[in-house]
Amino acid sequence: MKINDNFSRLEQSYFFMTIVTKTNEYAKNNPDKQIIKLGIGDVTLPLGPVVIDAMQKAVSEMSKASTLRGYGPEQGYEFTQKAVQGYYKRKGVDLETGEIFISDGAGTDIGNTSELFDMDNTVLIPNPVYPAYVDTNLMAGRKVVLIEGNIENNFLPMPDENTIADIIYLCSPNNPTGAVYSKAQLQEWVDFANKNDAVIIFDAAYEAFPLDKSFPTSIYQISGAKKCAIEICSFSKYAGFTGIRCGFTVVPHELKRGPASLNKMWFRRQTTKFNGVSYITQRGAQAALSEEGIKQAHANLDYYRENAKIIVDTLRKLGIWFTGGENSPYVWFKCPNGMTSWEFFDYLLCECQIVGTPGAGFGQCGEGFFRLSSFGKREDVITAMQRLTTAHKFHIN
Ligand code: PLP
């Protein structure tokens, strides 16, 4: 018996544990101080009433033998697939229901979709990055190459003539940087993938945030993308489903490599290894994509958008370089006075009682940067930004 030794290639995840330990220690030593947490990417507002109604109705159906639902289709109920299809139609994207696979969240399929590919592929991942792309591929034993995001490219790295990749992970709007690729930039990536026979895994978990219609919110708004891209999406941030668990993955029929249809492979994989998302959850997801559901989801998103604006306005006033915040719930900025991201974490905790996320936790290229999330309470964001403004160190920078 041999264990999967690839797990030893993973960095130990001390990162979030260290944040919690440092925060708890500070709280214990300073019981009179009010700590504001702007680190996490979890939602705080309740689900839309239309979603709650739909889920309660679904629960009632489960109470009668005549309307009980047992196992559903592994790829999702047709009513959910149709709701997603309608949502894409609004974006100008035509999908067949057979191209839409309902999942229990984007996180699951980020890992699972890599099963479609051989171990002997080079995986290209922008850095800094949501850690799941790197870790799932390291666990599988693939070669991972990082492409650098920095201030010069606005944390939106692009391929060039030396870029080598078989599988490419893109996330836009991005976690952690909040940066959003333009149509022209995504076109370049799609053209690169089609020219080099690569496949793009496009993480659209934050697609609902941009209000500026010039930003693509689906890779399929880009010409040629159905031939080279899988899109993974989530109800978590759009409709506050982080605790409900629902997402979907789009695998177009046009996506083929040789005689193999990736759609057929994914269907085969799902019907073997997955037993579908609960009926109650899917009724909630369907409601979240109704006219009223979209309105209610955007009322919550507007709240987070306004929080992000308060953060962004403060950083702008303080003359701190940042990206994100305008089409994304995350604001990514340069640590003042040349501090490392952990030095700034300590500074922010001890001087301002604000907890954020050090950029170094998202990879080497995140060192010297910091992420604040807009998913908190309005009054907390306002107080945090007042504290940040008065913290004297900023005026030295
Ligand atoms: N992708 C990105 C970029 C994320 O930031 C997250 C969660 O924070 C996920 C995927 C996971 O989403 P889900 O809750 O649908 O698993």
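The rules we used
- Residues numbered from 1 in each chain as written.
- Predicted model: local features only at pLDDT ≥ 70, side-chain atom pairs only at ≥ 80, totals over all residues.
- Heavy atoms only, no water.
- 1 Å grid on protein atoms, 1.4 Å probe; cavity = no way out; pocket = protein on both sides within 12 Å on 5 of 7 lines; lining within 4 Å.
- Points joined across faces, edges and corners; volume = space filled by probe spheres on them.
- Helix = DSSP H or I, 4+ residues; strand = E, 2+ residues; numbered from the N terminus.
- Nonpolar A, V, L, I, M, F, W, Y, C, P; charged D, E, K, R; others polar.
- Near = heavy atom within 4 Å.
- Polar contact = N/O pair within 3.5 Å; in protein donor to acceptor, adjacent residues only side chain to side chain.
- Areas by Shrake-Rupley, 256 points an atom, 1.4 Å probe, with all protein chains shown as cover.
- Axes fitted to C-alpha atoms, helices over the stretch in contact; angles between N-to-C directions.
- Parallel < 35°, antiparallel > 145°, perpendicular 65-115°, else oblique.
- Left-handed = near helix turned anticlockwise from the far one by under 90°.
- Contact = heavy atoms within 4.5 Å.
- Buried < 20%, exposed > 50% of the residue type's maximum accessible area, 1.4 Å probe, protein only.
- Salt bridge = Lys/Arg side-chain N within 4 Å of Asp/Glu carboxyl O.
- Pairing = 2+ DSSP bridges.
- Domains from an automatic or database assignment.
- Buried area = accessible area lost by both parts, 1.4 Å probe.
- Expected span 1.5 Å × (residues − 1).
- Arc of directions from axis to C-beta.

## Structural notes on the layout of surface pockets
So, point 1. One number sums up the size of the second largest pocket: a volume of about 380 Å³.
So, point 2. Elements with a minimum of two residues in the lining of the second largest pocket: α3 (78-90) and α10 (291-318).
So, point 3. In the lining of the second largest pocket, the residues fall into six nonpolar, three polar and six charged.

## Remarks on the site of the ligand
So, point 1. In the vicinity of the ligand lie 15 residues, with Asp203, Tyr206, Ser234, Ser236 and Arg245 positioned nearest.
So, point 2. Take Ser234: an N or O atom from its side chain is 2.6 Å from an oxygen atom of the ligand.
So, point 3. One nitrogen or oxygen atom from the side chain of Arg245 is found 2.7 Å from an oxygen atom belonging to the ligand.
So, point 4. Out of a free accessible area of 400 Å², the ligand has 90% covered by protein chains.
So, point 5. Mapped by element, the contributors of at least two residues to the shell around the ligand are α4 (106-112) and α7 (236-239).
So, point 6. Per-element tally for the shell around the ligand: the top contributor is α4, with three residues.

## Thoughts on empty space enclosed by the protein
So, point 1. Tallied over the full model, the rule gives three cavities of 30 Å³ or more.
So, point 2. The computed volume of the largest cavity comes to approximately 80 Å³.
So, point 3. Taken together, Pro126, Asn127, Pro128, Gly149, Phe155, Leu156, Pro157, Leu170, Cys171, Asn174, Thr177 and Tyr181 make up the full set of residues lining the largest cavity.
So, point 4. Residue assignment for the lining of the largest cavity shows that the elements contributing at least two residues are β3 (122-127) and β5 (167-171).
So, point 5. Classifying every residue of the lining of the largest cavity by side-chain character gives eight nonpolar, four polar and no charged.

## Details of the packing of α3 against helix α9 (residues 279-288)
So, point 1. Contact geometry for α3 and α9: axes closest at 9 Å, N-to-C directions at 25 degrees. In terms of axis orientation, α3 runs roughly parallel to α9. In this structure, α3 crosses over α9, and the sense of that crossing is left-handed. Together, Phe79, Thr80 and Ala83 of α3 and Tyr279, Gln282, Arg283, Ala285 and Gln286 of α9 make up the contact between the two elements.

## Concerning unusual backbone geometry
So, point 1. Cis geometry is found at the peptide bond from Asn127 to Pro128, where omega equals 5 degrees.
So, point 2. Mapping Pro128 onto the fold places it in the loop between β3 and α5 (132-140).
So, point 3. Residues Ser172 and Pro173 are joined by a peptide bond in cis, for which omega reads -10 degrees.
So, point 4. Residue placement: Pro173 occurs in the loop between β5 and α6 (183-196).
So, point 5. The phi dihedral of Phe155 is positive, around 60 degrees, even though this residue is not glycine.
So, point 6. Mapping Phe155 onto the fold places it in the loop between β4 (143-148) and β5.
So, point 7. Using a relative accessible area of 4% as the deciding quantity, one classes Phe155 as buried.
So, point 8. In this structure, Asp197 is a non-glycine residue whose phi angle is positive, near 65 degrees.
So, point 9. The residue Asp197 is located in the loop between α6 and β6 (199-203) in this model.

## A short note on the pattern of salt bridges
So, point 1. Applying the stated criterion across every chain, the model contains 14 salt bridges.
So, point 2. One salt bridge in this structure joins Glu115 and Lys273, with 3.0 Å as the shortest N-O distance. You can see Glu115 sitting in the loop between α4 and β3 and its partner Lys273 sitting in helix α8 (residues 262-273), a full 158 residues away along the chain.

## A look at the pairing of strand β2 (residues 100-103)
So, point 1. Side-chain alternation along β2 places Ile100 and Ile102 on one buried face and Phe101 and Ser103 on a second face that is also buried.
So, point 2. With four bridges joining them, β2 and strand β8 (residues 247-250) adopt antiparallel strand pairing. Within β8, the position partnered with Phe101 by the bridge is Thr249.

## Some thoughts on the pairing of β8
Where a strand is regular, its side chains alternate between the two sheet faces.
So, point 1. Neither face of β8 is exposed, since Gly247 and Thr249 on one face and Phe248 and Val250 on the opposite face are all buried.
So, point 2. Summarising the sheet, strand β7 (residues 229-234) and β8 pair through four bridges and their orientation is antiparallel. Looking at the pairing, Cys233 lines up with Phe248 of β8.

## Considerations on the domain arrangement of the protein chain
So, point 1. Its domain assignment divides the protein chain into domain 1 (5-47 + 293-392) and domain 2 (49-290).
So, point 2. A straight line from the C-alpha centre of domain 1 to that of domain 2 covers 26 Å.
So, point 3. Each partner contributes to the interface: domain 1 provides 34 residues, whereas domain 2 provides 49 residues.
So, point 4. With both sides pooled, the region where domain 1 packs onto domain 2 buries about 3,400 Å², and carbon together with sulfur makes up 64% of that total.
So, point 5. Of all residues in domain 1, the largest losses of buried area upon contact with domain 2 belong to Leu47, Ile294 and Asn327, amounting jointly to 23% of the total for that side.

## Side note on helix α2 (residues 49-62)
So, point 1. Given a rise of 1.5 Å per residue, 14 residues ought to cover 20 Å, and the 20 Å separating the end C-alpha atoms of α2 matches this to within 8%.
So, point 2. When α2 is considered as a whole, its buried residues turn out to be Val51, Ala54, Met55, Ala58 and Glu61. Each buried residue of α2 lies within a common arc of 110 degrees when the element is viewed along its axis, so the set occupies one face. The exposed set on the far side of α2, more than 90 degrees from its buried face, consists of Pro49, Gln56 and Lys57.
So, point 3. In the core, the buried residues of α2 are packed alongside α9.

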